[in-house]
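# Chains, contacts and geometry: an overview
Next come the chains, spelled out residue by residue.
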Amino acid sequence: MILIPLRHESMQGRRWPIVTFTLIALNIIVFLATHWTIEAQDAQIPQRAEVRKHLVYLAAMHPELKIGEEERKFVEPIATKYPADWKELSSPDRKPEDAWDANIRQVEEPAELQAEMDRLSQQFEDFENNTLLARYGFVPAHHTAISYITANFLHGGWLHLIGNMWFLWLAGFILEDNWGRAIYAVFYLLAGAVALQFHGWMYPDSYGPCLGASGAVAALMGAFLVRFPKLRIEMFFWVFYVRGRFKAAAYWLLPLWGLMELFYGSLSGQAGGVAHWAHVGGFAFGMIGALILSRSGLEHKVSSAIEEKVSWSADPAIVQATEAIDQGKPEEAIKKLEEHVAAKPDAADALVLLQQLQWRRGNSAGHQDATIKLCQLHLKKQDGEAALLDYEEFQNTGGQHLPASTWLDLCRSLEGRQDFERAVREYDKLATAYPKDRPSLLALMAAGRLSQKKLGRPAEALHFYRAASASPVPHLDWESNIQAGIKEATAALSQSAVHAE
């Protein structure tokens, strides 16, 4: 049976979920940087297992041999937990397991036995300490402080990564929107560490590395349950040949998932390669953490602060203009808006309203003037797409020529968007409309450069450079650039002619 959450009923937030996006990006980057190295190191797993086995056998057969601290921590729990098996391993009468086992029984010299123990110990330490997973994964038997963080960004495969990132997105962005970025980021990192520690408590002697964001994501799911218990989650299911979708409230779907993790953790432990107890620990931490944030009032304060930042409040002048429109006094509304725009040129909302009012009144000149100001404002804010829409609106309502400096900025915006064809056309129109103004000279030079460098049209480039050279606009400061352009375009034309022959 396959069961996958698709979405929930609150897929829109008040702000961009920057922390969630960052966490997802970091996980992907770390995965791409480590995946193939981990795969290569995992190819040595059979050899590592053999070293562990021989270390245990030799320690059982010759307890008098000296053994390192790391090796002792590995061997002693086995002897304690499985005394009958340990006794069997130490028996000289048992059947040899492999060729190494048979050969080592023939060795009686203490120095040779100690040398073999030292060799196995060195190999054990190399395997356990010199791999990415050993260094940065969470290994309960010998974990490091940094592994409480790094293990949360390591993943064992593509499905492992994609699954965790999808759950992180679904549960994370809505919590970030309610808790704020700082609290959410701290909560996520702390939740990952707690989930790993819970796994460590359940398997304190384990040398298997625990990795992945699933413990932290489980905490987000627990917090989601507490904060949004009635929110409906859309699920996709596939059972044999039957597929479909259904919606279920979080208050029964998420506890069911938590109980399944508890069941599988109790039943199989680590046997399935899934850290079920890390999920359980993370889920519980998420529920408790969400309750504390809610009851302390901290969440409410943060959410109110966010609401205050993102809420839109109209300027009094706009409110007065709107009231004048409602009262059937459009001229009064236009006057108030024009006064407001004169005092605050960056008031985009006032300009949009003024633009609409002028159009309704049939005042084309007033509409075009407001449109030009909107275009200038959008160019100032580097919103090239909006500025281009303003320009098209200006043309569609009968406008001919933008102010020269505004038109030049629009052309440069088109160039920045790599729309070189249109940029050249607009540069040409600008130069034709304002032949005696400084922007026309700059437009001709830019059109020549784009025609030569980007469009591969040397004849067209030569035309623009010659027009710039003949421009009535003083251009001593640009003369060398113009002549260089003419020379380059002429050379390109000559080369094209040679190839044509």
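This structure is a prediction, so every number in the text was calculated from the model and none was measured.

### Focus: helix α9 (residues 158-179)
- The end-to-end C-alpha separation of α9 is 30 Å, in line with the 32 Å expected for 22 residues at 1.5 Å each.
- Residue Gly 172 marks the point of greatest curvature in α9, where the axis turns by about 35°.
- Positioned one or two residues after α9, Gly 180 has a phi angle of 90°, which is positive.

### Some details on the nonpolar core
- Core analysis: the biggest nonpolar cluster contains 37 residues, and Tyr 391, Leu 402, Trp 407, Tyr 427 and Leu 430 have the highest contact counts within it.
- Those elements that provide at least two residues to this core are α18 (364-380), α19 (384-396), α20 (404-416), α21 (420-433), α22 (438-453), α23 (458-469) and α24 (479-500).
- Among the elements that line this core, the one with the most residues is α22, at 7 residues.
- Leave out the neighbours within four places in its chain, and Tyr 391 touches Leu 402, Trp 407, Leu 410, Arg 422 and Glu 426.
- Within the second largest apolar cluster, 36 residues are counted, among which are Phe 187, Ala 216, Ala 223 and Leu 231.

### Structural notes on the sheet that holds strand β1 (residues 2-8)
- Across the sheet, which stays open at both edges, the 3 strands sit in the order β1-β2-β3 with antiparallel pairing between neighbours. The open sheet has two free edges, formed respectively by β1 and β3 (242-249), since each of these has just one partner strand. Direction aside, the axes of adjacent strands within the sheet are offset by 25° on average.
- Alignment of strand β2 (residues 232-239) against β3, held across 8 bridges, turns out to be antiparallel.

### Here's the deal with the environment of Arg 422
- In this fold, Arg 422 is placed in helix α21.
- With 131 residues separating them in the primary sequence, Arg 422 and Leu 291 have C-alpha atoms 57 Å apart.

### Some thoughts on the packing of aromatic side chains
- For the structure on display, the rule yields 16 aromatic pairs.
- Here Phe 31 and Trp 158 contribute two aromatic rings whose centre-to-centre distance is 4.7 Å and whose plane-to-plane angle is 70°, an arrangement assigned as edge-to-face. Of this pair, Phe 31 sits in helix α1 (residues 18-42) while Trp 158 is found in helix α9, placing the two residues 127 residues apart along the sequence.
- In this structure Phe 31 comes out as buried when scored by relative accessible area, which is 0%.
- We classify Trp 158 as partly exposed; its relative accessible area is 43%.
- Residues Phe 198 and Trp 201 carry aromatic rings whose centres are separated by 6.2 Å and whose planes lie at 65° to one another, so their mutual orientation is edge-to-face. With a gap of 3 residues between them, Phe 198 and Trp 201 both fall in helix α10 (residues 181-202), about one helical turn apart.

### Looking at the pairing of β2
- Where β1 lies against β2, 6 bridges are found, and the strand directions are antiparallel. Bridge pairing in β2 links Pro 5 to Met 235.
- Hairpin connection of β2 to β3: 2 residues between the antiparallel strands, including Phe 240 at a positive phi of 55°.

### Notes on unusual backbone geometry
- Although it is not a glycine, Gln 382 adopts a positive phi angle of roughly 60°.
- Structurally, Gln 382 can be placed in the loop between α18 and α19.
- Taking the relative accessible area as the measure of exposure, Gln 382 reaches 74% and is therefore exposed.
- For Gln 418, which is not a glycine, the phi torsion comes out positive at approximately 65°.
- Summarising the element assignment, Gln 418 is placed in the loop between α20 and α21.

Definitions and limits used
- Residues numbered from 1 in each chain as written.
- Predicted model: local features only at pLDDT ≥ 70, side-chain atom pairs only at ≥ 80, totals over all residues.
- Heavy atoms only, no water.
- Helix = DSSP H or I, 4+ residues; strand = E, 2+ residues; numbered from the N terminus.
- Expected span 1.5 Å × (residues − 1).
- Bend = angle between axes of the 7 residues up to and from the residue.
- Core = buried A, V, L, I, M, F, W, Y, C linked by side-chain atoms within 4.5 Å.
- Buried < 20%, exposed > 50% of the residue type's maximum accessible area, 1.4 Å probe, protein only.
- Contact = heavy atoms within 4.5 Å.
- Pairing = 2+ DSSP bridges.
- Axes fitted to C-alpha atoms, helices over the stretch in contact; angles between N-to-C directions.
- Phe/Tyr/Trp six-rings, centres within 6.5 Å; stacked < 30°, edge-to-face > 60°.

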